[in-house]
Amino acid sequence: MASNDTASSPPAVEWIGDHNGHLRLIDQTLLPTTLRLVECRNVETVWDAIKMLRVRGAPAIGIAAAYGVVLSQQAGLSKTSHSAATAARAAADYLATSRPTAVNLFWALDRMRAVIDEHQADPSLPEKLLTEAQAIHVEDQAMCRAIGKHGAALIPDGATLITHCNAGGLATAEYGTALSVMFTCQDEGKGISVYADETRPLWQGARLTAWELQQRGIPTTVICDSMAAHVMQTRKIDAVITGADRITARGDAANKIGTYGLAVVARYHNVPFYVAAPSSTFDMQLVDGRDIPIEQRDASEIVAPYGNSIAPDGIGVYNPAFDVTPAELITALITERGVIQPVTQNAIEQHFQHERALEAK
Ligand code: MRU
C-alpha cells in the first residue's frame, strides 16, 4: 500500500473478534513507505512485535501486551481453569521481559494479573481478560483526548513547536500524547506548525511523526536531531512537547534518546519544555530518574541502519534507547487530569491525590 494512505489507515493496535480472536498491529518498522499489518495469534508473536518495535510507544506497548495475555488462553491449552490461569500468568511474566523502560507495559500487565488472581478458578477467565484488555485500550483513548485538551490550552495561536520521537496515534490507542496536543490545537484552529526531530537511530520522528502530522495537514518540517539547537537559536520556537516512557514521583522523565539534550537546549533558549503523558506512565515507586532502567539496543541499529553498513567493522557502539530529563528542566507535565506546574514531587502527589479524592466521591 502506498504511503500516506490516510483514508484506509487502520488503527495501530486492534483486537479482532471475541476472546478467541487475535491482535492486529501496524508494522511500524515499515512505515511510512509500506503499510503492512501483523496478525498476532500467540504470545510469542506479540513479544516479538514489542521487542522489534513493530508496535512501539509506551501506551501502545501496554495495550498490546494486555491483548497478548488474552492470546495465552488459546494455544493448546487444556480446558481446566487452573491451566488457563497458569498460562495467563506465564504470558504476563514473559511479555514483561520484552522491553524494560516504558512503565505502561508493567502497569498494563499488573492490571491483567489482578484479573487472573480474581478469576483464576472461573471458566470465563478468557472473556474476563479480554474485557480488561479492552478497558485498558478504551481508557487510553480517553486519556489521550484529555491530554490534548489540557495541553492545547498552553499553546498560543500560530505557535511553532518542536517534538522528538513519536508520541502520536501510532504510539497510543488513538490521538497520542504530545501529538494529541498538536492535533487539538489544529482542531481549535490555532494554526500551529511543527519541527519534527528525525530521532536517530530508528527515525521515529522522520518516519512516523512526520507521517501523522502530514496526514492531519499540520505544516511539518523534519530536522536532524543535531539541528534543534540551531533552530531554537535562529527561529522563534514557542514550545517543545514530547511524550514519556516513565515519569518518577519527583517528575524525572525517561523518553527517547535525545530528549534530555533537547530539554537542555530549550532551557538555554528559554523555550518551554512540556512532557505529555497519561497517569499510566507515572512510576510512583521510583523517585530518582537515574533508577529508571534504560534499554540498550543492538549496535546494528546505529552502524547498519536497514542493513547498510555505515561504520568500520568491529567499531565500538553504545546504543541506549532512552535518556532521562530531570524534573528541573520540565516546564510542565500534561496528564489526562490537567497540568502539573511547577514539576515537583509535591505537585505530582497533589495532582493524583486530588483526582483520587474526586473519584472516591
Ligand atoms: O522506542 P520507542 O519508539 O518505543 O520510543 C517511544 C518514545 O520514546 C515515546 O516518546 C514514548 O513512548 C511516548 S509515546 C506516547
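Now for a description of the structure that goes with this document.

Reading the values: rules and limits
- Residues numbered from 1 in each chain as written.
- Predicted model: local features only at pLDDT ≥ 70, side-chain atom pairs only at ≥ 80, totals over all residues.
- Heavy atoms only, no water.
- Near = heavy atom within 4 Å.
- Polar contact = N/O pair within 3.5 Å; in protein donor to acceptor, adjacent residues only side chain to side chain.
- Areas by Shrake-Rupley, 256 points an atom, 1.4 Å probe, with all protein chains shown as cover.
- Helix = DSSP H or I, 4+ residues; strand = E, 2+ residues; numbered from the N terminus.
- Domains from an automatic or database assignment.
- Buried < 20%, exposed > 50% of the residue type's maximum accessible area, 1.4 Å probe, protein only.
- Lys, Arg positive; Asp, Glu negative; His and termini not counted.
- Salt bridge = Lys/Arg side-chain N within 4 Å of Asp/Glu carboxyl O.
- Contact = heavy atoms within 4.5 Å.
- Pairing = 2+ DSSP bridges.
- Axes fitted to C-alpha atoms, helices over the stretch in contact; angles between N-to-C directions.

## Let's talk about the site of the ligand
Here comes step 1: Close to the ligand lie 18 residues, the nearest being Arg56, Ala58, Arg99, Asn255 and Lys256.
Here comes step 2: Contacts to the ligand include Ala58, whose backbone N or O atom sits 2.9 Å from an oxygen atom.
Here comes step 3: Taking Asn255, its side chain carries an N or O atom lying 2.6 Å from an oxygen atom of the ligand.
Here comes step 4: About the coverage of the ligand: the protein hides 100% of its 420 Å² of free accessible area.
Here comes step 5: The set of elements that each furnish at least two residues to the shell around the ligand consists of helix H2 (58–71) and strand S9 (253–256).
Here comes step 6: Each of domain 1 (2–142) and domain 2 (150–360) contributes no fewer than three residues to the shell around the ligand.

## Brief notes about the side chain of Arg56
Here comes step 1: If you trace the backbone, Arg56 turns up in the loop between helix H1 (43–51) and H2.
Here comes step 2: In this structure Arg56 is buried but unpaired, with Glu212 as the nearest side chain of opposite charge at 6.2 Å.
Here comes step 3: A distance of 2.9 Å separates polar atoms of two side chains, one belonging to Arg56 and the other to Gln28.
Here comes step 4: Within the local environment of Arg56, its side chain forms a polar contact with the backbone oxygen of Asn166, the two atoms lying 2.7 Å apart.
Here comes step 5: What Arg56 contacts, discounting residues up to four positions off in sequence, is Gln28, Ile61, Arg99, Cys165, Asn166, Leu170, Ala171, Gln204 and Leu208.

## With respect to the sheet that holds strand S4 (residues 160–163)
Here comes step 1: Read across the open sheet, the seven strands follow the order S6-S5-S4-S7-S10-S13-S14; overall the sheet is mixed. This sheet does not close on itself; its edge strands, each paired only once, are strand S6 (220–223) and strand S14 (338–340). Looking at each pair of strands side by side, their axes are set apart by 25° on average, direction ignored.
Here comes step 2: Across the face of the sheet, helix H7 (residues 204–215) comes into contact with S4, strand S5 (193–197) and S6 while running at roughly 160° to S5.

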